[in-house]
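Letter by letter, the chains look like this.
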Amino acid sequence: MNTFKSICVFCGSSDDVHPDYLAAAHEMGATLAERNIRLVYGGGKTGLMGAVADGVIENGGEAVGVIVTSMNTPELAQENLARMEVEPTMHARKARMHELADGFIALPGGYGTFDELFETLTWKQIGEHAKPIGLLNVREYFQPLMNMVRHAESEGFIFSEHREGLLCHANPVVLLDAMSNHNHSDDAVKKWMRQ
């Protein structure tokens, strides 16, 4: 069983989304706070990013932002965080979030969220880390993605062990429990790396 001290959340920053997404992000943050799990995220105050941080802060939890210099503005950066780290580039930002996290959860989002998610999955596939990865499947947002992953598996581009390592649920409590019980397969890494 994994014991999480911190979870990195990837999610969208757009405000122009269905309210269910914002509510789910807030609930995710509240759940992290209730479990005494530190939030590591991109440091923004808009969209789902702001909602997940608010959920943590309003419930007495710890939220750490990691933001790039260009986005560290009063219009974009969240206030009242336990700590805000500023990195010069997106690459440095992602590396620092990875360093601070014991696991990763993607909430609905766009290109940035997909980029962060797939980089994290790729690093796990080749053995750079063994941390659990989950999707909070609000409004079945990630169903098309999971279908694509299964298609890639059926076509021989993804091993079943790696597909099974991408955990997916609509309920944050159920998702965190699944991540806590997830066992990383070193054999899958060896198989992929042809060791």
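To be clear, the structure that these remarks concern was listed above.
Residues numbered from 1 in each chain as written. Predicted model: local features only at pLDDT ≥ 70, side-chain atom pairs only at ≥ 80, totals over all residues. Heavy atoms only, no water.

1. A short note on the overall build of the protein
Thinking step 1. For the protein, the count of helices and strands is 8 helices and 7 strands.
Thinking step 2. Here the protein holds 195 residues, and the buried ones make up 47% of them.
Thinking step 3. Residue pairs at least 24 apart in sequence account for 71% of intrachain contacts in the protein once pairs closer than 6 positions are excluded.
Thinking step 4. In the structure as shown, the protein presents an accessible area of about 9600 Å², 50% of it carried by carbon and sulfur atoms. (Helix = DSSP H or I, 4+ residues; strand = E, 2+ residues; numbered from the N terminus. Buried < 20%, exposed > 50% of the residue type's maximum accessible area, 1.4 Å probe, protein only. Contact = heavy atoms within 4.5 Å. Areas by Shrake-Rupley, 256 points an atom, 1.4 Å probe, with all protein chains shown as cover.)

2. Focus: the packing of aromatic side chains
Thinking step 1. Across all of its chains, the model carries 3 aromatic pairs by this definition.
Thinking step 2. Note on phenylalanine 10 and phenylalanine 104: the rings are 5.9 Å apart at their centroids and 15° apart in plane angle, and the pair reads as stacked. Taken together, the residues phenylalanine 10 in strand S1 (residues 6-10) and phenylalanine 104 in strand S5 (residues 104-106) connect sequence positions 94 residues apart.
Thinking step 3. Of the residues examined, phenylalanine 104 reaches a relative accessible area of 1% and is grouped as buried.
Thinking step 4. Ring geometry for tyrosine 141 and phenylalanine 142: centres 5.2 Å apart, planes at 90°, overall edge-to-face.
Thinking step 5. A relative accessible area of 28% means that tyrosine 141 is categorised as partly exposed.
Thinking step 6. In textbook terms, an aromatic cluster arises when at least three aromatic residues are bridged by ring pairs, as seen for Tyr21, Tyr141 and Phe142. (Phe/Tyr/Trp six-rings, centres within 6.5 Å; stacked < 30°, edge-to-face > 60°.)

3. Brief notes about the pairing of S1
Thinking step 1. For S1, the tally of buried residues reaches 5 of 5 residues, placing the bulk of the element in the interior.
Thinking step 2. Going residue by residue along S1, you find Ser6, Cys8 and Phe10 tucked away on one face and Ile7 and Val9 tucked away on the opposite face as well.
Thinking step 3. In the sheet, S1 pairs with strand S2 (residues 38-41) via 3 bridges, with the strands oriented parallel. Directly across from isoleucine 7, in S2, lies its bridge partner leucine 39.
Thinking step 4. What joins S1 to S2 is helix H1 (residues 19-34), and the crossover it makes is right-handed.
Thinking step 5. Relative to S5, S1 runs parallel, the two being bridged by 3 bridges. Bridge pairing in S5 places valine 9 opposite isoleucine 105. (Pairing = 2+ DSSP bridges. Right-handed = clockwise from strand over helix to strand, strands pointing away.)

4. Side note on the sheet that holds strand S4 (residues 83-87)
Across a sheet, strands are paired by hydrogen bonds formed along the backbone, either parallel or antiparallel in direction.
Thinking step 1. Read from one edge of the open sheet, 7 strands run S4-S3-S2-S1-S5-S6-S7, paired in parallel fashion. Of all strands in the sheet, those with a lone pairing partner are S4 and strand S7 (166-169), marking the two edges. Adjacent strand axes in the sheet meet at a mean angle of 25° when their direction is disregarded.
Thinking step 2. Bridge count between strand S6 (residues 133-136) and S7: 4 bridges; the pairing is parallel. For isoleucine 133, the partnering residue across the bridge sits in S7 and is leucine 166. (Axes fitted to C-alpha atoms, helices over the stretch in contact; angles between N-to-C directions.)

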